[in-house]
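Commentary on secondary and tertiary structure
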Amino acid sequence: MTSTPEHRTDALTRPTPVRSTYRLQLRPDALTFADARAIAEYLQQLGISHLYLSPVLTAARGSTHGYDITDPTSVSAGLGGPAGLKALSDEVRSRGMGLIVDLVPNHVGVADPRQNPWWWDVLRLGRKSQYAHFFDIDWSSGNGAGGRIALPVLANENDPAALTVDRSGPEPMLALHDMRFPIAPGTEGENALRIHDKQHYRLVNWKSGLCGYRRYFTVGGLAALRQEESEVFEITHRELAAWCEHDLIDGVRVDHPDGLARPAAYLARLRALIGPQRLLVIEKVLSNREPLDATLPIDGTTGYDALADLGGVLIDPDGEKQLTELSRQFTGHGSDRAWFTEHEHRIKRAVAETMLVPETRRLVAALKRDARAENCDSMALTNATIEVLSFLPVYRTDYTPLAGMVAAVVAEVARRNSELTAPLQVLVTALAANGEAAVRFHQLGGAMSAKAVEDTMFYRAARLVSLQEMGADPARFGLSLIEFHLANAERATRWPATMTALSTHDTKRGEDVRARIGILSQVPDIWARAVSAWNDIAPGPDGATTLFLLQNMFGVWPADRRPAATVPGFRERLHLFAEKAVREAGTRSSWEEPDVDFETAVHRWIDSVIDGPVGAELAELVDDLAPHAWSDSLAQKLLQLCGPGIPDIYQGCELWEDSLVDPDNRRPVDFTHRTLLLQSLTGTPDLDSSGAVKMWIVAYALWLRRERPECFVGGSYAPLFAVGDQAQHLVSFARGRTGETPEVIVAATRHSIRLDEAGGWGDTVLDLPQGHWTDRLTGHTFSGRARLEKLFARLPIALLVR
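Residues numbered from 1 in each chain as written. Predicted model: local features only at pLDDT ≥ 70, side-chain atom pairs only at ≥ 80, totals over all residues. Heavy atoms only, no water.

It is worth spelling out the overall build of the chain at this point. Secondary structure summary: the chain contains 27 helices and 24 strands in total. Its C-alpha atoms give the chain a radius of gyration of 27 Å, within 12% of the compact-globule value 28 Å for 802 residues. For the chain, buried positions account for 61% of its 802 residues. Pairs at least 24 residues apart make up 74% of the contacts formed inside the chain by residues separated by at least 6 positions. (Helix = DSSP H or I, 4+ residues; strand = E, 2+ residues; numbered from the N terminus. Rg over C-alpha atoms; globule rule 2.2 N^0.38 Å. Buried < 20%, exposed > 50% of the residue type's maximum accessible area, 1.4 Å probe, protein only. Contact = heavy atoms within 4.5 Å.)

So, on to the packing of helix α23 (residues 613–642) against helix α25 (residues 692–707). Packed helices, taken two at a time, are described by their axes: the angle between them and the distance between them. It is the contact of α23 with α25, at a shortest axis distance of 10 Å, that shows an interaxial angle of 15°. With respect to their mutual orientation, α23 and α25 come out roughly parallel. Regarding α23 and α25, the two cross each other, and that crossing is right-handed. Residues Leu-634, Lys-637, Leu-638, Leu-641 and Cys-642 of α23 lie in contact with α25, whose contacting residues are Val-693, Lys-694, Ile-697, Val-698, Ala-701, Leu-702 and Arg-705. The residue makeup of the contact of α23 with α25, split by class, is nine nonpolar, no polar and three charged. (Axes fitted to C-alpha atoms, helices over the stretch in contact; angles between N-to-C directions. Parallel < 35°, antiparallel > 145°, perpendicular 65-115°, else oblique. Left-handed = near helix turned anticlockwise from the far one by under 90°. Nonpolar A, V, L, I, M, F, W, Y, C, P; charged D, E, K, R; others polar.)

Scanning all chains against the criterion turns up 21 aromatic pairs. Following the ring pairs from residue to residue traces out a cluster consisting of Tyr-22, Tyr-42 and Phe-671. We note Arg-23 situated over the ring of Tyr-52; from NZ or CZ to the ring centre the distance is 4.7 Å. (Phe/Tyr/Trp six-rings, centres within 6.5 Å; stacked < 30°, edge-to-face > 60°. Lys NZ or Arg CZ within 6 Å of the ring centre and 35° of its normal.)

Time to look at the nonpolar core. In terms of nonpolar packing, the biggest core is built from 158 residues, with Leu-24, Leu-46, Leu-51, Leu-53, Trp-243, Trp-527 and Met-553 touching the most fellow members. It is α23 that provides the largest number of residues to this core, a total of 14 residues. Here Leu-24 is in contact with Leu-31, Ala-36, Ile-39, Leu-51, Tyr-52, Leu-53, Ser-54, Gln-651 and Phe-671, once residues within four sequence places are set aside. Residues Cys-376, Tyr-395, Val-413 and Ala-447 belong to the second largest nonpolar core, which totals 49 residues. (Core = buried A, V, L, I, M, F, W, Y, C linked by side-chain atoms within 4.5 Å.)

Attention shifts here to the sheet that holds strand β10 (residues 179–182). Strand pairing in a sheet relies on backbone hydrogen bonds, with the paired strands running either antiparallel or parallel. The three strands are arranged β8-β9-β10 in an open sheet whose pairing can be described as antiparallel. The open sheet has two edge strands with one neighbour each: β8 (164–166) and β10. Taking the axes of each pair of neighbouring strands and ignoring which way they run, one obtains an average angle of 40° across the sheet. Relative to β10, strand β9 (residues 173–176) runs antiparallel, the two sharing four bridges. Its bridge partner lying in β10, Leu-174 is registered against Phe-181. Relative to β10, helix α4 (residues 117–125) is tilted by about 60°, and along the sheet it contacts β9 and β10. (Pairing = 2+ DSSP bridges.)

On the secondary structure map, Asn-488 appears in helix α17 (residues 481–494). With sequence-adjacent residues up to four places away left out, Asn-488 is seen in contact with Pro-644, Tyr-717 and Phe-733.

Secondary-structure assignment places Glu-454 in helix α16 (residues 436–460). For the buried residue Glu-454, which engages in no salt bridge, the nearest side chain bearing the opposite charge is Lys-508, 6.7 Å off. Engagement of the side chain of Glu-454 in a polar contact is seen with the side chain of Tyr-395, the distance being 3.1 Å. Once residues within four sequence positions are removed from consideration, Glu-454 is found in contact with Val-285, Tyr-395, Ser-449, Tyr-459, Met-470 and Lys-508. (Lys, Arg positive; Asp, Glu negative; His and termini not counted. Salt bridge = Lys/Arg side-chain N within 4 Å of Asp/Glu carboxyl O. Polar contact = N/O pair within 3.5 Å; in protein donor to acceptor, adjacent residues only side chain to side chain.)

Turning to the UniProt feature "domain: Glycosyl hydrolase family 13 catalytic" (unreviewed entry) in the chain, a few remarks are in order. In this structure's numbering, the residues bearing the UniProt feature "domain: Glycosyl hydrolase family 13 catalytic" (unreviewed entry) are residues 25–385. Helix and strand shares over residues 25–385 are 36% and 17% respectively, and the end C-alpha atoms of the span are 39 Å apart. (UniProt positions renumbered as here; feature names shortened; annotations may be inferred.)

So, about helix α7 (residues 238–245). For α7, every residue scored as buried is listed here: Glu-239, Leu-240, Trp-243 and Cys-244. Down the axis, α7 shows its buried residues gathered within 140° of arc, on one side only. Those residues of α7 that are buried lie in contact with β3 (57–59), β4 (69–75), α3 (81–94), β5 (98–103), β14 (251–254) and α8 (263–274). Positive backbone phi, approximately 55°, marks Asp-247, located one or two places after α7. (Arc of directions from axis to C-beta.)

For the coordinates displayed, the defined rule picks out six cavities of 30 Å³ or more. For the largest cavity, the calculated volume is near 210 Å³. Taken together, 19 residues line the largest cavity, and the ones lying closest to its centre are Arg-214, Arg-215, Glu-359, Gln-443 and Leu-444. Broken down by secondary-structure element, the contributors of at least two residues to the lining of the largest cavity are β12 (215–216), α12 (357–370) and α16. (1 Å grid on protein atoms, 1.4 Å probe; cavity = no way out; pocket = protein on both sides within 12 Å on 5 of 7 lines; lining within 4 Å. Points joined across faces, edges and corners; volume = space filled by probe spheres on them.)

Spelled out as structure tokens, the structure:
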């Protein structure tokens, strides 16, 4: 397979327009800057314009993701240091490519205080530390730790008795098992417990509901930074400023800006730092129909919103009724809108009253201060505040398009609960002051949403788990063609350079797993019968867990006729996923209180499925439906690659991939295999388990973006509709230069099983714009009125170019 020649820049500093990105999960033990340089030629041949790097600053030793940064002032030596980053930049620049970097402004890693110099200094010196104001620390006397920093690290009440003094290094340290903590000057002695009582911190049980600092959600090992402080911004962005000054990078992806005090102000400052030309996208979960704030100085999001649209248009709405009933039989509820609405409120309340108690406590204290209502009943104010936050339908409401949302929710809460009138008045007074309380209100709202929705409800619902994804609305069973096209058209006009994604390091399931699960919406009767029969043969641990895990098993089961038990790592991966799933769901087990008996039953059942008749029947069903799953995979991939925005390809996803939630989706990728496969392709591959056909369409779509960039980022978008009895089975659009005749047409099959049941395309046609059109994927040419049975004779998708 030979690509068109890539234009080489004459000067390394010439800016490279971002046409497409390829996400690399860097890690010192598997993928360093040098390793990325080694695959740059392959990614160039594939057609990628920019490598999109996971965080590159110094992270905790052994980190496989890089988000637990321990020194924001240095490039990771384990990845290759500053010289390695520059060499990578030079390498890709020489190929006419560029770099996008992942920035983590919200938090740093503190799980091992010795690795974080700032945190170590704060623990050692307390408020006198020059870094004390870098962190959002609760120093109040009522913080539950007597004004000291509560560190939730103890596993049980007997742990303090195990404290000792470690004198093996240059300074004595308090030691608890393998953990080490600093000793404040002048407090050293012989008795470890007495030394501990004199420190600026206090070690507490991790289940105590105490934590002396704002965390990233509920992760005690990640302490939040105060980017609203100029000094913090300056020092944590010093490396980024240098990269921009030396033109090493072409853009930035911002991790979770919703956790910051004032995201809009932060992004304005960040835009000023990187300049107007570099790409700036943010990780933002947009709730159902929530608009992205057009006043932000950004190019868009990292693509969860597009992911929901691309998958949603392939879901068959006709399957909703039967899958809802199946869910009701196994779980006691239908996982429908009514259930999600009721449970979102209930679970958000539970999260605020358990996991996020320290953050809730600090918010209530700030509300009383800002409202000058110190005598207000704390319990009533806490109840009223949690009630309002639990009804907010978005992460946070201080973005311009959402003005008035808090007022509407407060009014509704007041109408329902007249006894909350007084505390709600305090809440409103404090929010109107727009001070500390307002900041904490929005930060807590985002954390509640993330923990309640993505991390809990998405593991409890079991109607169609492919819909339970970052940025998706599982209560909305699919997307009509009209909704899909209007969403795309708006993206093309308002956010032409936003990132679009199908898989990320945070998705619950990879794109091809979701596509395969999604086709169950077309065969709900077959699926319902199979699940009921399998549950009779090998009864699951409980109904909800059984239905949830069987869908995921169907999504990842080998489709190459290999017995699942013989696939390396498959069994272990399923067991790890199941353990995480049942603990996140929190109904029968949890991270805080694991139910060993229940989890043992789950693991025993998984083995019985893999090794028994259920596994054999599951394999048969996967084999029967595999061509349709592959059809949907190719459809969503081509729609993404040629649709509005800048498509990101997550590492390895140019072939079929079978990833589940992290850390499964962060496994190393075999780039040698991919390089050899790309070089070996000489003609349109078959639709089979090798995934070669996916690589074929990825390469041709990316080459086309390189060849005609004006047709894509900033180009026009026009929906195309078929004519005939099976018209609803086509999703198609045209792209071109703004104001000119279209040059590219994308066409994809949807609901292919239903289409086969109807006897195929029949007389359904697509009227093509004037001109002769060649399908880059097959070489076939068309003009005028194209019969869809001929357009899709070779593949279930087509990429037509004038």
